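# Examination of the molecular architecture
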Amino acid sequence: MASSTDYSMDRNTRPFFTYEPSPVGNDIFLGVFAVLTPFAVIVGIKCKSLVSATAVALGLALELIGYVGRLILLNNPTSEAGFNLFLVGTILGPNFISVAIFMTVPPVVTVYGDHFRSWRPKWYQYLLYVLTTASIILELTGGLVSTTSNTQSKADMGRQVLATGLALHLVALAIIIFHAVLFAIAVRARRHPLDTKFAGIYNSKTFKASLFAYSFATILLVIRAAFRIVVVSEGYYSSVAQSEVLLLVLDALMVLLAAAIVLACTPWRLLHQRWPRTTFPKASKTIHRRKEVPPYELPSTRSSPTYNMNPKTPMIPKNPTVIYAPRKANYSEPLPQRNLVDHEALW
């Protein structure tokens, strides 16, 4: 059994890549990520969706840092700092791109109608954002532990933590896909009427194309997350992890396409053009249901003076002498008697 000293010496002298990385492929992705990072901020300012665009920019910046670390490994294959930058940057970046997709779902649901949704907004926000936060923490912790530990057991434990974080990211993506499918089925079945106030939005071909593009971007992120789970589970020196073609195609290309689609096909531009205000309203926390009007209640007859009175008994006022009371409401003063002509005297 190898001691911790032997493992530490082997880790410091053994290159992280058993192959010679291609500088052309690395430079291409490095340049594209460097261009898209400031472009994401510009798109957010133009489309008035700065928060979601900032999340995409953070994801692209982390990918950029990851490929800077890979560039360091080209010159020094045993650089631990370079491998940490590559691992942490390429692992954490897609989480922030997923957050931008998550933030687009509530306004889209509001456009079609809150009664089509299959979840409560409060539950949706808490679950997805908590899963994403836990995923980032576990990925960062597991990645650093797996590459800086002096013993094999700690390194394996770090890889397990890292795989757990990637699995949480995959679960969050699966949840959003599942509820998006349920929402699409509900809208397609038209069990409820669509809100005609937003007919100009959901009837637009551009808006429908944006929703399709975001769905495709989510599937790309799912493919990337599944690939990285396999890589981490098999180990950094497995045949899957040491394949540069698989890394560039199933990881770098998937993340690049997903980020480009989110920026190019953002629905926020159309939402703010057709929306009367500059800020999109938040979806209501409760499902709108038809209000039931209570039946009209007839006034009670127990307060009536004729309740339970014998119909044969004549109605006699309590004080028959009082005929006119000017201070009482609903009484009017009797008209004065006029000098009428005696019609009998005329004859």
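Summary of the structure given here. Everything numeric here is computed off the predicted structure, so don't read it as measured data.

For the rest of this paragraph, the subject is the overall build of the protein. When helices and strands are tallied, the protein shows 10 helices and 0 strands. For the protein, the N- to C-terminal ordering of α and β elements is α-α-α-α-α-α-α-α-α-α. Residues counted as buried form 41% of the 347 residues belonging to the protein. In the protein, 80% of the contacts between residues at least 6 apart in sequence involve partners at least 24 apart.

Before going further, it helps to examine helix H8 (residues 205-234). Here H8 is 30 residues long and its end C-alpha atoms lie 44 Å apart, about the 44 Å a rise of 1.5 Å per residue gives. The opening residue of H8 is serine 204, an N-cap whose side-chain oxygen sits 3.3 Å from the backbone nitrogen of threonine 206. With its phi angle positive at about 110°, glycine 235 sits one or two positions after the end of H8.

What follows deals with the side chain of threonine 132. Its place among the elements puts threonine 132 in helix H5 (residues 121-148). Within polar-contact distance, the side chain of threonine 132 engages the backbone oxygen of leucine 128 at 2.8 Å.

Looking now at the layout of surface pockets. The volume enclosed by the largest pocket comes to roughly 840 Å³. Residue lining of the largest pocket: 28 residues in total, with Ala180, Phe183, Ala184, Leu211 and Ser215 positioned closest to the centre. Of all the secondary-structure elements, those providing two or more residues to the lining of the largest pocket are helix H4 (80-112), helix H6 (152-189) and H8. Residue composition of the lining of the largest pocket, by class: 20 nonpolar, 5 polar and 3 charged.

Our next topic: unusual backbone geometry. Residues other than glycine seldom take positive phi values, yet lysine 48 does so here, at roughly 60°. Among the secondary structure elements, lysine 48 is positioned in the loop between helix H2 (23-46) and helix H3 (50-75).

This next bit is on the environment of leucine 166. The residue leucine 166 is located in helix H6 in this model. Among the residues examined, leucine 166 registers a relative accessible area of 0% and is labelled buried. A sequence separation of 34 residues divides leucine 166 from threonine 132, and the C-alpha atoms of the two residues are 9.7 Å apart. If sequence neighbours within four positions are ignored, leucine 166 has contacts with Ile91, Ser135, Glu139, Arg224, Arg228, Ile229 and Val232.

A few words on the nonpolar core. Buried together is how nonpolar side chains tend to be arranged in soluble globular proteins. With 56 residues, the main nonpolar core has Val56, Leu60, Tyr112, Phe207 and Val262 as its most contacted residues. In contact with tyrosine 112, other than residues within four places in its own chain, are Phe183, Val187, Leu194, Asp195, Tyr202, Phe207 and Leu211. Counting 22 residues, the second-largest nonpolar core is a separate cluster that includes Phe16, Phe17, Leu87 and Ala241.

This part covers the side chain of serine 146. Looking at the secondary structure, you find serine 146 in helix H5. A polar atom in the side chain of serine 146 sits 2.9 Å from the backbone oxygen of glycine 143. In this structure the side chain of serine 146 is engaged in a polar contact, spanning 2.7 Å, whose partner is the side chain of tyrosine 236. In contact with serine 146, not counting residues within four places along its chain, are Leu87, Ala155, Gly158, Arg159 and Tyr236.

Pairs of packed helices are described in terms of their axes, by the angle between the two and the distance that separates them. Following both chains from N to C, one finds H2 and H3 inclined at 160°, their axes separated by 8 Å at the closest point. In terms of orientation, H2 lies roughly antiparallel with respect to H3. Here H2 and H3 pass one another in a crossing that is left-handed.

With that settled, the discussion passes to the pattern of salt bridges. Taken as a whole and assessed by the stated rule, the structure comprises 4 salt bridges. Across the pair arginine 70 and glutamate 244 runs a salt bridge whose closest N-O atoms are separated by 2.8 Å. With arginine 70 in helix H3 and glutamate 244 in helix H9 (residues 244-264), this residue pair connects regions lying 174 residues apart in the sequence. The two residues arginine 70 and glutamate 244 agree in class, both being buried. Aspartate 251 is paired through a salt bridge with arginine 224; the nearest N and O atoms lie 3.4 Å apart. Of this pair, aspartate 251 sits in helix H9 while arginine 224 sits in helix H8, placing them 27 residues apart in sequence. The same class applies to aspartate 251 as to arginine 224, namely buried.

The next subject is empty space enclosed by the protein. Summary: where empty space remains is shown by rolling a probe the size of a single water molecule over the atoms. According to the stated counting rule, one finds 2 cavities of 30 Å³ or more in the structure shown. By volume, the largest cavity is sized at about 150 Å³. Around the largest cavity, the lining comprises 14 residues; the ones closest to its centre are Phe83, Phe86, Val231, Tyr236 and Ala241. Counting only elements with at least two residues in the lining of the largest cavity, the list comes to H4 and H8. When residues in the lining of the largest cavity are grouped by element, the largest group, 4 residues, is from H8. Taken as a whole, the second largest cavity holds about 70 Å³ of empty space. As for the second largest cavity, its lining consists of Val43, Ser49, Ser52, Ala53, Val56, Ala100, Tyr214, Val262, Leu263, Thr266 and Trp268. Sorting the residues of the lining of the second largest cavity by element identifies H3 and H9 as the ones contributing at least two each. The element best represented in the lining of the second largest cavity is H3, accounting for 3 residues.

Parameters at a glance
Residues numbered from 1 in each chain as written. Predicted model: local features only at pLDDT ≥ 70, side-chain atom pairs only at ≥ 80, totals over all residues. Heavy atoms only, no water. Helix = DSSP H or I, 4+ residues; strand = E, 2+ residues; numbered from the N terminus. Buried < 20%, exposed > 50% of the residue type's maximum accessible area, 1.4 Å probe, protein only. Contact = heavy atoms within 4.5 Å. Expected span 1.5 Å × (residues − 1). Polar contact = N/O pair within 3.5 Å; in protein donor to acceptor, adjacent residues only side chain to side chain. 1 Å grid on protein atoms, 1.4 Å probe; cavity = no way out; pocket = protein on both sides within 12 Å on 5 of 7 lines; lining within 4 Å. Points joined across faces, edges and corners; volume = space filled by probe spheres on them. Nonpolar A, V, L, I, M, F, W, Y, C, P; charged D, E, K, R; others polar. Core = buried A, V, L, I, M, F, W, Y, C linked by side-chain atoms within 4.5 Å. Axes fitted to C-alpha atoms, helices over the stretch in contact; angles between N-to-C directions. Parallel < 35°, antiparallel > 145°, perpendicular 65-115°, else oblique. Left-handed = near helix turned anticlockwise from the far one by under 90°. Salt bridge = Lys/Arg side-chain N within 4 Å of Asp/Glu carboxyl O.

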